[in-house]
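Geometric and topological summary
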Amino acid sequence: MSAKAATGITYDVAIAGGGYVGLSLALALKSADPSMEVAVIDPKPMDILHKDPRASAIAAAASRMLDQLGIWQDILPSAQPINEMIVTDSKLRDAVRPVFLTFGGETVEGEPFAHMVPNGVMLPALYAAARDLGVAFAAPDTAASFKTSADDVTLSLASGSTLKARLLVAADGVRSKLRDLAGIRTVHWDYGQSGIVTTVAHERPHEGRAEEHFLPAGPFAILPLPGNRSSLVWTEKTEDAKRLVASDDFTFEMELERRFGHHLGALELDGPRNAYPLGLTLARDFIRPRFALAGDAAHGIHPIAGQGLNMGFKDVAALAEVLVNARRLGQDVGAFDVLERYQRWRRFDAFQMGVVTDVLNRLFSNDSDILRAARDFGLGLVDRMPSLKTRFIKEAAGFAGPAPRLLSGEPI
């Protein structure tokens, strides 16, 4: 059974952040080593996780990890496999959007390269599994500050209580307060764009097809959900996104229809709409003594490639493997040389993906006829090269490069 985080013990790992990164890391550690003492701190109560209206694209490697952690079969009935993906590139006013690139949806037979999963299903499943294994929770509460000594780190909470741990992991998002307190600098710039996230119901079935329409303001992604519903990630200039989110339903739906098209029939909003500012944030270092970054606290990237969440899961799989292996060897999980193994594993990959998404966004989020002609030629070329398409699918599925054991569906 779970416990309320206590002040009388020194935890092996304290995790600031109870989102998908923090919860999956806690679950991975306790699953591999039940004797490990793990605590999670989050400002929201854990019993409201089912109210998260968003959905996330879970790559095949991440679903293998969730299966190894024992929760994928609980999630799968609510998941929608992505059976196909198409890419178009056009101006907003164009009557026809030619398809320049298509991807089949399987990495191996019977395994889609990704599923769309409601956050309101995935997050409670992660929490319940972690709770049942004995992960301690301080929620709602906030990590306000911390002090590091040679042997441990003392974390001061907003409630006035304190926690001690051998390692503090900051999984508290792209605007991580703990990252700043640790003195870790970032590379950051704002794209002047915001991503509008909402859900729509439509008349005709999507057949599991995902669509990425490159429009002058930025990508407009249609991601299939169970039933005749789709999740949207709609990129606009920030001022336009604010105007659209604040508009009445009729105006919003009219603008939505201009971008969505009529191929799935009549559209209707099926959830709240929110806009999130988009930028690139890359931490220069992922670690400090007895301190590590994971997820968006380490790397916040543009959603153009749909890899942000899956990069977070890569962090989880790598960090859990490093820490569990160190503990089995009798090493201190908060020791700097142990944490350096994690940093070497993940930092270059995160920087590489940050550069790729930045270049893609700059290449496609514009109205230049010359750039459009060049990129459409490139997309068409890729579409005629099966080996290159296979490589892209493996990358999207999370199988490129040396993978941690959990992402291969293997126990640590």
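These lines cover the structure that appears in this document, whether it is placed above or below. (Residues numbered from 1 in each chain as written. Predicted model: local features only at pLDDT ≥ 70, side-chain atom pairs only at ≥ 80, totals over all residues. Heavy atoms only, no water.)

Time to look at the packing of helix H1 (residues 20-32) against helix H4 (residues 119-132). Where H1 meets H4, the closest approach of the two axes is 9 Å, and the angle between their N-to-C directions is 30°. Comparing the axis directions of H1 and H4 gives the class roughly parallel. Where H1 crosses over H4, the two elements pack in a sense that is left-handed. In this structure, H1 uses Tyr-20, Leu-23, Ser-24 and Leu-27 to contact H4, whose residues at the interface are Met-122, Leu-123, Leu-126, Tyr-127, Ala-129 and Ala-130. Residue classes in the contact of H1 with H4 are distributed as nine nonpolar, one polar and no charged. (Axes fitted to C-alpha atoms, helices over the stretch in contact; angles between N-to-C directions. Helix = DSSP H or I, 4+ residues; strand = E, 2+ residues; numbered from the N terminus. Parallel < 35°, antiparallel > 145°, perpendicular 65-115°, else oblique. Left-handed = near helix turned anticlockwise from the far one by under 90°. Contact = heavy atoms within 4.5 Å. Nonpolar A, V, L, I, M, F, W, Y, C, P; charged D, E, K, R; others polar.)

In this section: the packing of helix H2 (residues 60-68) against helix H8 (residues 308-328). Contact geometry of H2 with H8 gives a least axis separation of 10 Å together with a crossing angle of 45°. Comparing their axes, H8 and H2 come out oblique. Crossing of H2 against H8: the hand is left-handed. Facing H2, whose interface residues are Ala-62, Met-65 and Leu-66, H8 presents Asn-310, Phe-313, Val-316 and Ala-317. Among the residues making up the contact of H2 with H8, the classes are represented as six nonpolar, one polar and no charged.

Here we come to the packing of aromatic side chains. For the structure on display, the rule yields eight aromatic pairs. Judged by centre distance (4.0 Å) and plane angle (25°), the rings of Phe-214 and Phe-364 are stacked. Residue Phe-214 is located in strand E16 (residues 209-215), and its partner Phe-364 is located in helix H9 (residues 336-364); the two are separated by 150 residues in the primary sequence. This pair shows no difference in class: Phe-214 is buried, exactly as Phe-364 is. Each ring, one from Phe-220 and one from Trp-234, has its centre 5.7 Å from the other, and the planes form 70°; the classification is edge-to-face. Residue Phe-220 is located in strand E17 (residues 218-225), and its partner Trp-234 is located in strand E18 (residues 229-237); the two are separated by 14 residues in the primary sequence. Owing to a relative accessible area of 1%, Phe-220 belongs among the buried residues under this scheme. Trp-234 gets classed as buried once you look at its relative accessible area, which sits at 1%. An aromatic cluster is present here, built from Phe-220, Trp-234, Phe-252 and Phe-260 joined pairwise through their rings. (Phe/Tyr/Trp six-rings, centres within 6.5 Å; stacked < 30°, edge-to-face > 60°. Buried < 20%, exposed > 50% of the residue type's maximum accessible area, 1.4 Å probe, protein only.)

What follows covers the pattern of salt bridges. Considering all chains together, one arrives at 22 salt bridges under this definition. The residue Arg-273 makes a salt bridge to Asp-249 at a minimum N-O spacing of 2.9 Å. Of this pair, Arg-273 sits in the loop between strand E19 (267-269) and strand E20 (274-283) while Asp-249 sits in helix H7 (residues 249-260), and the two are 24 residues apart along the sequence. Between Arg-346 and Asp-315 there is a salt bridge, with the nearest N and O atoms lying 2.6 Å from each other. In this pair, Arg-346 sits in helix H9 while Asp-315 sits in helix H8, placing the two residues 31 residues apart along the sequence. Accessibility assignment for this pair places Arg-346 and Asp-315 in one class, buried. Residues joined by salt bridges that share partners form a network here, namely Glu-236, Glu-255, Arg-258 and Arg-259. (Salt bridge = Lys/Arg side-chain N within 4 Å of Asp/Glu carboxyl O.)

As a further point, take helix H6 (residues 238-246). Think of an α-helix as 3.6 residues a turn; residues three or four steps apart then line up on the same face. Taken together, the buried positions of H6 are Thr-238, Ala-241 and Leu-244. Each buried residue of H6 sits inside an arc of 125° when the element is viewed along its axis, so together they form one side. Seen from the buried face of H6, the exposed residues on the opposite side, beyond 90 degrees, are Glu-239, Lys-242 and Ala-246. Looking at the packing, one finds that the buried side of H6 touches strand E15 (186-202), E18, H7 and E20. (Arc of directions from axis to C-beta.)

Moving on to the side chain of Asp-52. Along the polypeptide, Asp-52 turns up in the loop between strand E3 (38-41) and strand E4 (55-59). A polar contact is formed between the side chain of Asp-52 and the side chain of Arg-54, at a distance of 2.8 Å. Those residues in contact with Asp-52, other than ones at most four positions away along the chain, are Asn-119, Gly-120 and Leu-123. (Polar contact = N/O pair within 3.5 Å; in protein donor to acceptor, adjacent residues only side chain to side chain.)

A few words on unusual backbone geometry. Most peptide bonds are trans, and most residues other than glycine sit at a negative phi. Omega for the bond connecting Ala-139 with Pro-140 falls within 30 degrees of zero, at 0°, which places this linkage in the cis form. Secondary-structure assignment places Pro-140 in the loop between strand E11 (136-138) and strand E12 (143-148). With a phi angle near 60°, Glu-207 is a residue other than glycine that sits in the positive phi range. Summarising the element assignment, Glu-207 is placed in the loop between E15 and E16. Phi at Arg-290 takes a positive value of approximately 60°, unusual for a residue other than glycine. You can see Arg-290 is positioned in the loop between strand E21 (287-288) and strand E22 (291-293). Note on Arg-290: relative accessible area 7%, which makes it buried.

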